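Read off the chains here:
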Amino acid sequence: MTLFASSDRTACLLAQVAVERSVDRYPDGLTYGVPAALADLRAGERVRVPLGRGDALTEGMVVRTLPADASGAPPAARLKFVESRVGGAPPMPSQLVELAQWISGYYVCPVGMTLASMTPGAVKRGVGSVTRTFIDLAPGWEDLLGAAGRVTAQQRRVTEALRDAAGAERPMDVRDLAARAELGTNEPIKRLVKAGVLREERRTSIEAEWRAERGGAGPAPELTAAQRTVVDAIGATLGGGFAQHLLFGVTGAGKTEVYMRLIAQTLAAGRTALVLVPEIALTPQTGGRLLARFPEERVAILHSGLTAAQRNQQWNLVADGKVRLVMGARSAVFAPIPDGQLGLVVVDEEHDQSYKQDQMPRYHGRDVAIRRAQLAQCPVVLGSATPSLESWFNATERKTSALHVLRERAPGLRLPHVEVVDFVEERRRFPDQRVHLLGPRLSGAVQETLDGGGQVLILLNRRGYANWIACADQRCGWIMRCDRCDAGMICHRLPAGGGAAGQYVRCHHCQGEQRLPRQCPKCARQVTVFGLGVQRVEEELARLHPSLVPGSTMLRIDADSMQDAADFHDALGKFGRGEVRLLVGTQMIAKGLDFPGVRLVGVVSADTALNLPDFRATERTFQLVSQVSGRCGRGADAGRAIVQTFQPEAPAIRLAAAHDYESFAREELAMRARFGLPPSTRMARVVVRDEGEERARELSEALARDLSAAANGAAGGGGVTVTGPMPCPIARIADRWRMQVEVVAPGPGPLGRFLTSARNAGILRPGETYAVDVDPVALM
Ligand code: ADP
Ligand code: ZN
Ligand code: ZN
């Protein structure tokens, strides 16, 4: 490059470019000149630009283009130029670029980082993709075959194999077909495809798997009157611009059926539907149902369990407009559906915490989905049996969304009878002194259900074997804690079991692992483990019920036993086919599952979330108990749920057992309003993290002081209050001390304005040290 390279050029346009590593500049990014050769550059394209003093070439995305003489542009002598386009990924639709800008503003995250996080790495790198080929007979194949002239014996075997195959086996994987027709190569099949006798279809490997699982499409049931009313009401807003709907329907009410009817209408109108489900756990089931209902549609399924190649492929199909039904977990909200195509957004189980991302950008998938629907000018439907209080508040008090209710279960299904069992009472009935996790009532019900041929779900929302590791001598009092965190260690067992030798300890915050000590380091006495853990429940179940064999008739479902979506899918498949009689697991089994064979749901402890220092603890508990109980009674038999608790009178548990969401929501909302907590207000939490305890304190004090001054000054204005600093409930994680400052505002508008001004004033510098979490869902 010559010294005066850039001054030789003239800009035909200006481009605002968001660079991943740029300083946090909201909302614009950095301004560059666009050379004539790139005159057709537009927002959403990835480019290479010189950055900083050394003009190191850096990748970024064009956020906006402006005329060359736009005001506020750098003087010509200092203007740097876009160097080149970056090929590979398709340009991002401009609605997504706008969405990124909103996220960057609302969730206080640099726009470059936001944009970068919206496109999967595999897509940027253009990783190769895998497809499988499926073959079927073409319409009128017999005539075509007759007209094809000489037909070889091999070709005849191919057509016969297809003709004789059962309906559900077609179209057939080309490899299966070749095997059935006893071919040495695929050549005969290729010829027949060429001659038009056979038709060929390419499917991604996931599509292929899930279709196989569900077989042919089940006929759509006739809607109940209540479902019909909802479908009509929401359907009337399709094609009519933005509209927000909350579908509150008890578990098993047939919400999925409502979504499918709305999706069908959307597809019929030539538009694309986007369906979000919480985390990976639910994609196989809902994915399978959608694939079965819409066998003619190409469905893209996006979730974190895809291989890089699959992800890239799905992404590109969506970007090319070849897919009209897109489903996935949180990040699927960024699916690159071309502008103008999106006709419906559905957020299933909208209350689910996993919609919130816990890294920058800390966005809430549900709220981003609402914003996306606004930009696309289409309806958004949030559905849940236990709506988040945010959504309930919006529907009932702010009236920004329409409320639709399904009070009854689908025809033939009844809500389960929920028994709350006082565990203190229950323990008195134990015949021996050993500590049991399953009381006589729950254990008896498990046996009865298994004897009667039913299936069982047992929930304990705590991973590992036991959550206390301590000296056997209570007078010594030693408890094993993590060296790097302000938290206890959790005992885990290796899959093989093998008693104490197969045990190790892990910290659930820094993931550090150690061997289980045999002796107390203080007094050299024996170490014991006790407390709750889903592995221990599994062990107890196997001991009490010999017909339950771990890994065979009983499976454990938690983040430790399930490596990826395929494992989970596999486990659910075995359960669905009845090979597995009982699933024991963490909240992964509490969500969305629809298995008619389940006649008993047991909650080992409803208290795991109840006493956490988080204002949403009761809401969480209500959701968990309602959702998991809702997994039973989905077949001909009524279901039964047994909930063990030390706090049988707690409203969250009592009302969940009574299936009384509305009373719960009323009481809880009143309580939140009284204490100025969301959703009657909006909150942002800033966690200051540093390896030095003193420094963390100083930084957080300075932050609280500056934020308070801003809140009391002009920027505040709208009743913003700042509280803190105070230590986080977990005061140290992975050797970093954690202090928090809370900002509370009367609504999203004042909160957003306050945070933006604090950011532009340099008070808030989101990054490693300052973690800014707007609308936090977890306060640990
Ligand atoms: P939700 O999503 O509200 O928990 P689902 O959509 O899973 O409920 O429905 C529960 C069960 O009821 C499913 O097996 C579904 O096929 C069935 N179902 C839904 N609507 C109807 C209907 N109108 N008639 C008969 N069965 C229905
Ligand atoms: Zn730790
Ligand atoms: Zn000791």
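Parameters at a glance
- Residues numbered from 1 in each chain as written.
- Chains lettered and ligands numbered in written order.
- Predicted model: local features only at pLDDT ≥ 70, side-chain atom pairs only at ≥ 80, totals over all residues.
- Heavy atoms only, no water.
- Helix = DSSP H or I, 4+ residues; strand = E, 2+ residues; numbered from the N terminus.
- Rg over C-alpha atoms; globule rule 2.2 N^0.38 Å.
- Buried < 20%, exposed > 50% of the residue type's maximum accessible area, 1.4 Å probe, protein only.
- Contact = heavy atoms within 4.5 Å.
- Areas by Shrake-Rupley, 256 points an atom, 1.4 Å probe, with all protein chains shown as cover.
- Lys, Arg positive; Asp, Glu negative; His and termini not counted.
- Charge placed at Lys NZ, Arg CZ, Asp CG, Glu CD.
- pLDDT = per-residue confidence, 0-100.
- Phe/Tyr/Trp six-rings, centres within 6.5 Å; stacked < 30°, edge-to-face > 60°.
- Lys NZ or Arg CZ within 6 Å of the ring centre and 35° of its normal.
- Donors = N, O, S within 2.8 Å, 3.2 Å for Na, K, Ca; no water.
- Tetrahedral: all angles 85-135°; square planar, octahedral: opposite > 155°, others 65-115°.
- Salt bridge = Lys/Arg side-chain N within 4 Å of Asp/Glu carboxyl O.
- Core = buried A, V, L, I, M, F, W, Y, C linked by side-chain atoms within 4.5 Å.
- Pairing = 2+ DSSP bridges.
- Axes fitted to C-alpha atoms, helices over the stretch in contact; angles between N-to-C directions.
- Near = heavy atom within 4 Å.
- Polar contact = N/O pair within 3.5 Å; in protein donor to acceptor, adjacent residues only side chain to side chain.
- Nonpolar A, V, L, I, M, F, W, Y, C, P; charged D, E, K, R; others polar.
- Parallel < 35°, antiparallel > 145°, perpendicular 65-115°, else oblique.

## A word on the overall build of the protein chain
For the protein chain, the helix and strand inventory stands at 24 helices and 30 strands. Taking 28 Å as the expected radius of gyration for a compact globule of 780 residues, we find that the protein chain reaches 29 Å, a close match to that expectation. Expressed as a percentage of the 780 residues in the protein chain, the buried residues total 55%. Within the protein chain, contacts between residues separated by at least 24 positions form 76% of all contacts whose residues are at least 6 apart in sequence. By element, 50% of the accessible surface of the protein chain is carried by carbon and sulfur atoms, the whole surface being about 32,900 Å². Of the charged side chains in the protein chain, 95 are positive and 85 negative; the average position of the first set lies 2 Å away from that of the second.

## Description of the confidence of the model for the protein chain
Averaged over all residues, the pLDDT of the protein chain equals 87, while 91% of them reach at least 70. In this model residues 1-7 is a low-confidence stretch, pLDDT under 50, and it forms two contacts with partners more than four residues away in sequence or in other chains.

## A few points about the packing of aromatic side chains
Under the criterion given, the structure shown has twelve aromatic pairs. Arranged with centres 6.3 Å apart and planes meeting at 10°, the rings of Trp 468 and Phe 530 form a pair that is stacked. Taken together, the positions of Trp 468 in strand β18 (residues 468-471) and Phe 530 in strand β22 (residues 527-530) put the pair 62 residues apart, joining distant regions of the chain. Phe 530 sits in the partly exposed class, given a relative accessible area of 40%. Clustering of aromatic rings is evident, with ring pairs tying together Phe 248, Trp 392, Phe 622, Tyr 661 and Phe 664. Here Arg 493 stacks its cationic end above the ring of Tyr 465, 4.0 Å away from the centre of that ring.

## Remarks on the coordination of the zinc ion (ligand 2)
The protein atoms donating to the zinc ion (ligand 2) are Cys 482 (SG), Cys 485 (SG), Cys 507 (SG) and Cys 510 (SG), with metal-donor distances spanning 2.2 to 2.3 Å. One way to put it: the four donor atoms around the zinc ion (ligand 2) meet at angles of 105 to 113°, and that makes the site tetrahedral. Spacing between the donor residues of the zinc ion (ligand 2) along the chain follows C-x2-C-x21-C-x2-C. Side by side, Cys 507 and Cys 510 carry an identical accessibility label, which is buried.

## With respect to the side chain of Glu 619
By the element assignment, Glu 619 lies in helix α20 (residues 617-629). Given the relative accessible area of 4%, Glu 619 is considered buried.

## Some words on the pattern of salt bridges
What the rule picks out here adds up to 41 salt bridges. As a salt-bridge pair, Glu 419 and Arg 640 come within 2.6 Å of each other at their nearest N and O atoms. With Glu 419 in strand β16 (residues 417-422) and Arg 640 in strand β26 (residues 640-645), this residue pair connects regions lying 221 residues apart in the sequence. A salt bridge links Asp 735 to Arg 732; the nearest nitrogen and oxygen atoms lie 3.5 Å apart. With a relative accessible area of 33%, Asp 735 lands in the partly exposed category. Judged by its relative accessible area of 16%, Arg 732 is buried.

## Topic: the coordination of the zinc ion (ligand 3)
When four donors bind a metal tetrahedrally, each ideal donor-metal-donor angle is 109.5 degrees, and when six bind octahedrally, the ideal angles are 90 or 180 degrees. Taken together, Cys 471 (SG), Cys 476 (SG), Cys 520 (SG) and Cys 523 (SG) make up the protein donors of the zinc ion (ligand 3), found 2.2 to 2.4 Å from the metal. Geometry at the zinc ion (ligand 3) is tetrahedral, judged from the four donor atoms that bind it and their angles of 98 to 114° at the metal. Donor residues binding the zinc ion (ligand 3) come from one chain and are separated in sequence as C-x4-C-x43-C-x2-C. Of the two residues, Cys 476 is situated in the loop between β18 and β19 (490-493) and Cys 520 in the loop between β21 (513-515) and β22; the sequence distance between them amounts to 44 residues. In this structure, Cys 476 and Cys 520 share a single accessibility class: buried.

## Quick look at the nonpolar core
Counting 112 residues, the largest nonpolar core has Phe 334, Val 345, Leu 703, Leu 707, Leu 764 and Val 774 as the members making the most contacts within it. Apart from residues no more than four positions distant in its own chain, Val 774 is found in contact with Tyr 106, Tyr 107, Val 108, Lys 356, Arg 362, Met 683, Ala 684, Leu 751 and Leu 755. Counting residues in each nonpolar core, the second largest holds 28 residues, with Leu 247, Ala 273, Val 275 and Val 299 among its members.

## Re the sheet that holds β21
Reading across from one edge, β19-β20-β21 is the order of the three strands in this open sheet, with antiparallel pairing throughout. Each end of this open sheet is capped by a strand with a single partner; those strands are β19 and β21. Taken over all neighbouring pairs, the strand axes of this sheet differ in orientation by 35° on average, direction set aside. Direction of pairing for β19 relative to strand β20 (residues 503-506): antiparallel, over a ladder of four bridges. Opposite His 492, over in β20, you have Tyr 504 as the bridge partner.

## Some points on the site of ligand 1
Neighbouring ligand 1 are 19 residues; Glu 222, Gln 227, Gly 252, Lys 255 and Asp 594 lie closest to it. Within the contact set of ligand 1, an oxygen atom lies 2.8 Å away from a backbone nitrogen or oxygen of Gly 252. Side-chain polar atom of Asp 594 to an oxygen atom of ligand 1: 2.9 Å apart, as the coordinates give it. Starting from 560 Å² of accessible surface for ligand 1 in isolation, the protein chains cover 80%. For the shell around ligand 1, the element with the highest residue contribution is helix α11 (residues 255-268), accounting for three residues. A per-class count over the shell around ligand 1 returns seven nonpolar, six polar and six charged.

## Notes on the environment of Leu 655
Inspection of the secondary structure puts Leu 655 in helix α21 (residues 651-657). On a C-alpha basis, the gap between Leu 655 and Cys 510 in space is 36 Å, while along the polypeptide they are 145 residues apart. Ignoring sequence-local partners within four residues, the contact set of Leu 655 consists of Phe 622, Asp 660, Ser 663, Phe 664 and Glu 667.

## A closer look at the sheet that holds strand β28 (residues 721-733)
Pairing is antiparallel in the open sheet, where four strands are placed in the order β28-β29-β27-β30. Each having just a single partner strand, β28 and β30 (770-774) make up the two edges of the open sheet. Each neighbouring strand pair of the sheet contributes to a mean axis angle of 20°, computed without reference to strand direction. Pairing between β28 and strand β29 (residues 736-745): seven bridges, direction antiparallel. Bridging across to β29, Ile 733 finds its partner in Arg 736.

## Observations regarding the environment of Gly 762
Mapped onto the elements of the fold, Gly 762 is located in the loop between α24 (748-760) and β30. Taking C-alpha positions, Gly 762 is 9.9 Å from Asp 706, a pair spaced 56 residues apart along the chain.

## Focus on the packing of helix α15 (residues 389-396) against helix α22 (residues 661-674)
Remark: α15 packs on α22, axes separated minimally by 11 Å, with the N-to-C direction vectors making an angle of 95°. On the basis of the axis angle, α15 is roughly perpendicular to α22. Of the residues in α22, those touching α15 at Leu 389, Trp 392 and Phe 393 are Tyr 661, Glu 662, Ala 665, Glu 668, Leu 669 and Arg 672. For the contact of α15 with α22, the per-class residue count stands at six nonpolar, no polar and three charged.

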